[in-house]
Amino acid sequence: MKSADGLRVLVVDDEPPALEELRYLLSADNRIAAVHTAVDADSALRALDRREIDALFLDIHMPGLSGLDLARVLAHFADPPQVVFVTAYETHAVDAFELRAADYLLKPVRPERLAEAIGRLVDGQPIGPRPPGEDDTIPAELGGVTTFVRRSTVRYAEAQGDYTRLHTHDGNYLIRTSLATLEQEWEKAGFARIHRSYLVALAYVEEMRVDAGHCTVRIGGTTLAVSRRHTRELRNLLVRNARPGAAR
């Protein structure tokens, strides 16, 4: 529970200059009630055991447990503190997103960018996926560039080993999530499995065709195979969604 006087934060960084600089900048913000420091994950866990902490400003590359490892440990707490990653590397933005970090700051930290991160902490708005029922945003990374894809724009998803390729009207994006995981998470958002390789957004299905015992659907000009075991269930879902007043 946040203190009435402001946020109680813990800065974790194994580099003393970076640790002191961030401590100084945080102390200057009137939304921060107290700033504590730790030089690695072990000392951070000891500090969390001794004090009430609302948020961690967490370096990623540290000896022993990395900042990402520590964040995964914190996720198992009954009431975990919020986490802001502070790093010199852009390559872990997707990991931060998946861990529902409050923010992701690049070193050297600019005061105006830090102020924005503190605002996220005060508001309690993470950069990670939204609760079920809302339009989730999925990070896809290619060549060091992270693109945030809205689930509502995905026409269908295609299995590619342990990865999945999301197909939208303006391109396709590879994400580090299996099709089986998406099937479970997106079922209530109007997606259905039609084949071991495909998960489709029912709202984008333009046509279902059965020819000589083989079933296909057409989505955005693309024809996808439907396996026999999914054919009847898919037909029922499409008919149900097509009824007047059916939820979309």
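Higher on the page you've got the structure.
Only a predicted model underlies this, so the values are computations on that prediction, with no experimental measurement involved.

Can you explain the side chain of Arg193? Please cite residues and give values.
Counting through the fold element by element, Arg193 comes out in strand E11 (residues 191-195). Within the structure, Arg193 has its side chain in polar contact with the side chain of Glu183 (distance 2.8 Å). Only 2.8 Å separates the side chain of Arg193 from the backbone oxygen of Arg196, close enough to count as a polar contact. Among residues more than four places away in sequence, those in contact with Arg193 are Leu179, Ala180, Glu183, Tyr198, Leu199 and His230.

Describe the nonpolar core, with residues and values.
In terms of nonpolar packing, the biggest core is built from 21 residues, with Leu10, Val12, Leu56, Leu58, Leu70 and Phe85 touching the most fellow members. The set of elements that each furnish at least two residues to this core consists of strand E1 (7-12), helix H2 (41-50), strand E3 (55-59), helix H3 (67-74) and strand E4 (82-87). In this structure Leu70 touches Ala41, Ala44, Leu45, Leu56 and Leu58, once residues within four positions along its chain are discounted. Leu7, Ala55, Leu114 and Leu121 belong to the second largest nonpolar core, which has 20 residues in total.

How would you summarise the sheet that holds E3 if you had to cite specific residues and measurements?
What the five strands build is an open sheet, ordered E2-E1-E3-E4-E5; its pairing is parallel. Single-partner strands in this sheet number two, and they are strand E2 (32-38) and strand E5 (103-106). Here the average twist between neighbouring strands, direction ignored, is 20°. In terms of strand pairing, E3 meets E4 through five bridges, oriented parallel. Considered in E4, the bridge of Asp59 is made with Val86. Against the sheet, H2 touches E1, E2 and E3, its axis set at about 160° to E1. Contacts from H3 reach E3 and E4, with the element oriented near 155° to E3.

Cut-offs used in this document
Residues numbered from 1 in each chain as written. Predicted model: local features only at pLDDT ≥ 70, side-chain atom pairs only at ≥ 80, totals over all residues. Heavy atoms only, no water. Helix = DSSP H or I, 4+ residues; strand = E, 2+ residues; numbered from the N terminus. Polar contact = N/O pair within 3.5 Å; in protein donor to acceptor, adjacent residues only side chain to side chain. Contact = heavy atoms within 4.5 Å. Core = buried A, V, L, I, M, F, W, Y, C linked by side-chain atoms within 4.5 Å. Buried < 20%, exposed > 50% of the residue type's maximum accessible area, 1.4 Å probe, protein only. Pairing = 2+ DSSP bridges. Axes fitted to C-alpha atoms, helices over the stretch in contact; angles between N-to-C directions.

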